[in-house]
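Residue-level listing of the chains:
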Amino acid sequence: MSEASGSFYVRRSPTIEFVKSLLKRSELVVGLTTSARQAHERLLGGFITNHELVNQLALFAPNSSGSPKAKADLTMLSAQTAFPLICELLAQQGSRPVQARPLESFCSADVPNSQAIELAGLFNAYGSDKASSHNYYLVYCEILGALRRNHLRILEIGLGSNNPDVVSSMGKFGRPGASLRAFRDFLPNSEIFGADVDRRVLFEEDRIRTYFVDQTSLRSLDELAAVLPEALDLIIDDGLHSPSANIATLIFALKKLKCNGWFVVEDVAEKSVPVWQLVSAILPQQYTCRILQGRSGFMVIVKKTSGARQL
Ligand SMILES: C[S@@+](CC[C@H](N)C(=O)[O-])C[C@H]1O[C@@H](n2cnc3c(N)ncnc32)[C@H](O)[C@@H]1O
């Protein structure tokens, strides 16, 4: 700080207080920046405290005293091992958990046959990855091929949003409704329904109707059930791809499927297979559950056969 006046010029040296106040201000700036960064990281899900982790995953947390770090580590361990351990328990009790098999084992005919090639061509032409990245088209051909002239009702959750701000989006070059259009063309007498959490991609066109749904909410799935016809032939979950959203959709599907109808879950992570082994063990015998290992992802298939009781 300096001061000039006509007769004298005084150059004041910075006082200790001034230096201190500067330091304080810089601390404040650093503090604010740090807490803003932490808040931002929290928002992005990049950082949570041990205490928060234990609270958020209370289902798996040890109900014990201990340091926050130890409790957080044990909570993570419990979340990672609970489902595999339940499967181990099932095995010990004599129930054999369903094992993943190659996807081709689901197909009766030599594949790919001409119908499968046709369906793959439709998926590719409309921009779905069911035949390009995956070999899921083989499963759909197996389920639908012999029935393709019938009047079927099919629902697929997950339209293929092209909005990158949505989880599980197909990216900005995605083509919403690609797989619905492929099914519509493959099944000339069927009705195709679609549902998605991204309202911006909902649409309606010849034999296709789409609706809002949030698979993470049973209430939202119930609302979807209310506007759809009864007795669907096939329900596909190609939406969020999280185990709990999948299970919520299974609860919905078992109520909406007709007898001999199918529920298919795409893109199941290998690490989530024990969840499905457990689900399969819980389902009554009238439901057949298969886990298939595809070209680049696992698929779960549940068939509702006659006499099945509602979940
Ligand atoms: C992989 S894309 C579907 C691709 C499409 N079936 C195809 O084959 O072209 C996944 C879709 O799931 C939707 N989605 C994400 N979270 C969801 C949720 N909670 N409920 C319903 N749909 C969701 C996304 O908006 C996205 O459109």
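What you see is a predicted model; the values in this text were computed from it and never measured. (Residues numbered from 1 in each chain as written. Predicted model: local features only at pLDDT ≥ 70, side-chain atom pairs only at ≥ 80, totals over all residues.)

### Notes on helix α9 (residues 273-282)
Consideration 1: Among the 10 residues of α9, 8 are classified as buried, and the element is accordingly described as predominantly covered.
Consideration 2: Every buried residue of α9 is accounted for by V273, P274, V275, W276, Q277, L278, V279 and S280.
Consideration 3: On the buried face of α9, the contacting elements are α3 (68-92), β3 (100-102), α8 (243-256), β9 (257-268), β10 (287-294) and β11 (297-304). (Buried ≥ 20, exposed ≤ 12 C-beta atoms within 10 Å, placed from the backbone. Helix = DSSP H or I, 4+ residues; strand = E, 2+ residues; numbered from the N terminus. Contact = placed C-beta atoms within 7 Å.)

### Some remarks on the pairing of strand β5 (residues 191-196)
Consideration 1: Buried residues dominate β5, accounting for 5 of its 6 residues.
Consideration 2: As paired elements, strand β4 (residues 153-157) and β5 share 5 bridges and run parallel to each other. Across the sheet, residue I154 finds its bridge partner in β5, namely I192.
Consideration 3: Assessed by its sense of winding, the connection that carries the chain from β4 through helix α6 (residues 178-186) to β5 is right-handed.
Consideration 4: Pairing of β5 with strand β7 (residues 208-212) involves 5 bridges; the strand directions are parallel. When the sheet's bridge partners are listed, A195 is paired in β7 with Y211. (Pairing = 2+ DSSP bridges. Right-handed = clockwise from strand over helix to strand, strands pointing away.)

### A word on the confidence of the model for the protein chain
Consideration 1: Looking at the protein chain as a whole, its pLDDT mean stands at 87, while 84% of the residues score no less than 70.
Consideration 2: Contacts of residues 1-16 to residues separated by more than four positions or lying in other chains number 7 contacts, the stretch itself having pLDDT below 50.
Consideration 3: Segment residues 18-34 is flagged for pLDDT under 50; beyond a separation of four residues in sequence, or across chains, it makes 1 contact in the model. (pLDDT = per-residue confidence, 0-100.)

### Description of the pairing of β10
Consideration 1: Where β3 meets β10, 3 bridges bridge the pair, whose relative direction is parallel. When the sheet's bridge partners are listed, R101 is paired in β10 with L292.
Consideration 2: Here 8 bridges tie β10 to β11, and the two strands are oriented antiparallel to one another. Bridge pairing links C289 to V302 in β11.
Consideration 3: Counting the residues between successive antiparallel strands, the hairpin from β10 to β11 contains 2 residues.

### Some words on the environment of W276
Consideration 1: Positionally, W276 belongs in helix α9.
Consideration 2: For the pair formed by W276 and P97, sequence separation is 179 residues and the distance between their alpha carbons is 9.1 Å.
Consideration 3: When near neighbours in sequence (up to four residues on either side) are disregarded, W276 contacts V268, I291 and V300.

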